[in-house]
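Commentary on secondary and tertiary structure
Spelled out from the first residue to the last, the chains are:
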Amino acid sequence: DLQGLNVDTFAQDPRPKADILFVIDSSCSMYDKQQLLSQNFAAFISYATTVVTGGVDYHLGVIDSDANTQTGGKLRSTMTNPKVLVNGMTNAEALFRDKVRVGLAGSGDEQFAELAVRALTAPLVNTDNAGFLRPDALLAVIAVTDAGDQSQLPTAVLTGLLQNVKGAQRPHLFSYNVIGPFAPSPPPNCIYDPYTDTALHDHLVTQFDGLKGEICEQTWNQQLHEIGRIAFWYRYRFFLSAQPDL
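Focus on the state of the cysteines
The full count for this structure, using the stated rule, is 1 disulfide. Shown here is the disulfide that connects Cys190 with Cys216, its sulfur atoms set 1.9 Å apart. As the torsion about the S-S bond is roughly -70 degrees, the Cys190-Cys216 disulfide counts as left-handed. Here Cys216 lies in the loop between strand S6 (212-214) and helix H7 (221-232) and Cys190 lies in the loop between strand S5 (174-180) and helix H6 (199-207), a separation of 26 residues in the sequence.

Given below as structure tokens:
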């Protein structure tokens, strides 16, 4: 029908919803970086607590980068620190500070995208990680590492699997972000992992409209603030269901 008309309708949430998954490097070179992430949580969460009255309706979870254990991809928790942190918890900041210190005993073959896929898809999304991912919420993956991504699946496969979490028709609901080893060489008093091929990081950040930050920054305040803006802000891009006839 050459005269047909297709109407796309978009509704902006009165109170934004956001699901935030941190994938944190658990290898032995990450002690000081885990501390910096823990100490700068306030900069990251500031958008979530101030953007609207009552704050953003967020879910926040953490996994580590070790794919060689039975817990790979499972949201981290303890008896006193639940799998999912939500807005309204009086001690959310303290729980986050504790949760992101994932330890230093993880594999040196860090896998970020592959573990994010594992965390956000079946079976884990319906079992161990049930209740984290919501169909109508923004989703942000944030990898924190001093290494490249050594995921084993091909880049095209990882891209497709991540895209399918929210669906190919809803790219505005997903961003992939990395705080990583992006300088030509680490500055004084900071070290990178020996594996620093950031090609997969770069591809996924570009593909999914995310942000990059430098792992060896002396303060993470600004870069966490910017990533928080992407992760928690109102949706600002709306994709049509077909190519418009101009």
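The discussion continues.
Some words on the packing of helix H5 (residues 155-166) against H6
At a minimum axis distance of 11 Å, the contact between H5 and H6 shows a crossing angle of 35 degrees. Handedness of the crossing formed by H5 with H6: right-handed. Along the contact surface, H5 presents Thr155, Leu158, Thr159 and Leu162, while H6 presents Leu200, His203, Leu204 and Gln207. Residue composition of the contact of H5 with H6, by class: 4 nonpolar, 4 polar and no charged.

Points about empty space enclosed by the protein
Under the criterion given, the structure shown has 2 cavities of 30 Å³ or more. Volume-wise, the second largest cavity comes out at about 50 Å³. Considering the residues around the second largest cavity, the lining is formed by Gln12, Asp13, Pro16, Lys17, Leu138, Trp233, Tyr234 and Arg235. Here the residues of the lining of the second largest cavity are counted per class, giving 4 nonpolar, 1 polar and 3 charged.

Thresholds, definitions, all that
Residues numbered from 1 in each chain as written. Predicted model: local features only at pLDDT ≥ 70, side-chain atom pairs only at ≥ 80, totals over all residues. Heavy atoms only, no water. Disulfide = S-S within 2.5 Å. Helix = DSSP H or I, 4+ residues; strand = E, 2+ residues; numbered from the N terminus. Axes fitted to C-alpha atoms, helices over the stretch in contact; angles between N-to-C directions. Left-handed = near helix turned anticlockwise from the far one by under 90°. Contact = heavy atoms within 4.5 Å. Nonpolar A, V, L, I, M, F, W, Y, C, P; charged D, E, K, R; others polar. 1 Å grid on protein atoms, 1.4 Å probe; cavity = no way out; pocket = protein on both sides within 12 Å on 5 of 7 lines; lining within 4 Å. Points joined across faces, edges and corners; volume = space filled by probe spheres on them.

Bear in mind that shape data such as this cannot, by itself, settle questions of function.
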